[in-house]
Amino acid sequence: VQLVESGGGLVQPGGSLRLSCAASGFTFSSYGMRWYRQAPGRERELVATINSAGGNTVYANAVKGRFTIARDNAKNTVHLQMNSLKPEDTAVYYCNAHWLLYDYWGQGTQVTVSS
């Protein structure tokens, strides 16, 4: 099982980034997918979630209206489009796959929002 995040980097406030998570080794279309983030000195927090079919999404209040989660079950990928980025969005972003008792994590990708 592998979840590999990409797309992180340094961006100025107000800018955009698109994170991607490539999944392999499990039946991706059966799993709900989530993006979490963890800033230095803070607990990991849930950012966005999407159900297995992609029809239902939920966002943390802090990112609602700025971030969009989407998935492509044909390509076993999930994305997080992040717009209007703020310094407080700086964190390591993690991809998570979950189904019943199964729970998989990626290694994370750093997002830094700074001028």
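Treat the numbers as computed from the prediction; the structure is a model and nothing was measured.

Caption draft 1: The arrangement of the pattern of salt bridges in detail. If you walk through the whole model with that rule in mind, you get three salt bridges. Across the pair Asp-89 and Arg-37 runs a salt bridge whose closest N-O atoms are separated by 2.9 Å. One end of the pair, Asp-89, is in the loop between strand 8 (77-82) and strand 9 (91-99); the other, Arg-37, is in strand 4 (residues 32-38), and 52 residues separate them in sequence. The closest approach of N and O atoms between Arg-66 and Asp-89, which form a salt bridge, is 2.8 Å. One end of the pair, Arg-66, is in the loop between strand 6 (57-59) and strand 7 (67-72); the other, Asp-89, is in the loop between strand 8 and strand 9, with 23 residues separating them in the sequence. By relative accessible area, Arg-66 is classed as buried at 10%. By relative accessible area, Asp-89 is classed as buried at 0%. Here the salt bridges do not stand alone but share partners, grouping Arg-37, Glu-45, Arg-66 and Asp-89 into one network.

Caption draft 2: Just unusual backbone geometry, in detail. Positive phi values are uncommon outside glycine, yet Ser-84 reaches one of about 50°. Within the secondary structure layout, Ser-84 lies in the loop between strand 8 and strand 9. If you check the backbone angles, Leu-100 has positive phi at about 55° while not being a glycine. Following the sequence through the fold, Leu-100 ends up in the loop between strand 9 and strand 10 (102-105). You can call Leu-100 exposed: its relative accessible area is 69%.

Caption draft 3: Inspection of the pairing of strand 1 (residues 2-6) at higher detail. Side-chain alternation along strand 1 places Leu-3 and Glu-5 on a buried face and Gln-2, Val-4 and Ser-6 on a face that remains uncovered. Bridge count for strand 1 against strand 3 (residues 17-24) is five bridges, and the pairing is antiparallel. Of the residues in strand 3, the one forming a bridge with Gln-2 is Ser-24.

Caption draft 4: Fine view of the sheet that holds strand 1. Ordered in space as 1-3-8-7, the four strands form an open sheet in which the pairing is antiparallel. Both outer strands of the open sheet, strand 1 and strand 7, are each paired with one neighbouring strand and no more. Mean inter-strand twist for the sheet, computed between neighbouring axes without regard to direction, equals 15°. With six bridges joining them, strand 7 and strand 8 adopt antiparallel strand pairing. Paired with Ala-70 across the two strands is His-79, which belongs to strand 8.

Caption draft 5: How the structure looks around the side chain of Arg-66. A polar contact is formed between the side chain of Arg-66 and the backbone oxygen of Ala-62, at a distance of 2.8 Å. A distance of 2.8 Å separates a polar atom in the side chain of Arg-66 from a polar atom in the side chain of Asp-89. Non-local contacts of Arg-66, meaning those with residues more than four positions away in its chain, are made with Gln-81, Met-82, Asn-83, Ser-84, Leu-85, Lys-86 and Asp-89.

Procedures and definitions
Residues numbered from 1 in each chain as written. Predicted model: local features only at pLDDT ≥ 70, side-chain atom pairs only at ≥ 80, totals over all residues. Heavy atoms only, no water. Salt bridge = Lys/Arg side-chain N within 4 Å of Asp/Glu carboxyl O. Helix = DSSP H or I, 4+ residues; strand = E, 2+ residues; numbered from the N terminus. Buried < 20%, exposed > 50% of the residue type's maximum accessible area, 1.4 Å probe, protein only. Pairing = 2+ DSSP bridges. Axes fitted to C-alpha atoms, helices over the stretch in contact; angles between N-to-C directions. Polar contact = N/O pair within 3.5 Å; in protein donor to acceptor, adjacent residues only side chain to side chain. Contact = heavy atoms within 4.5 Å.

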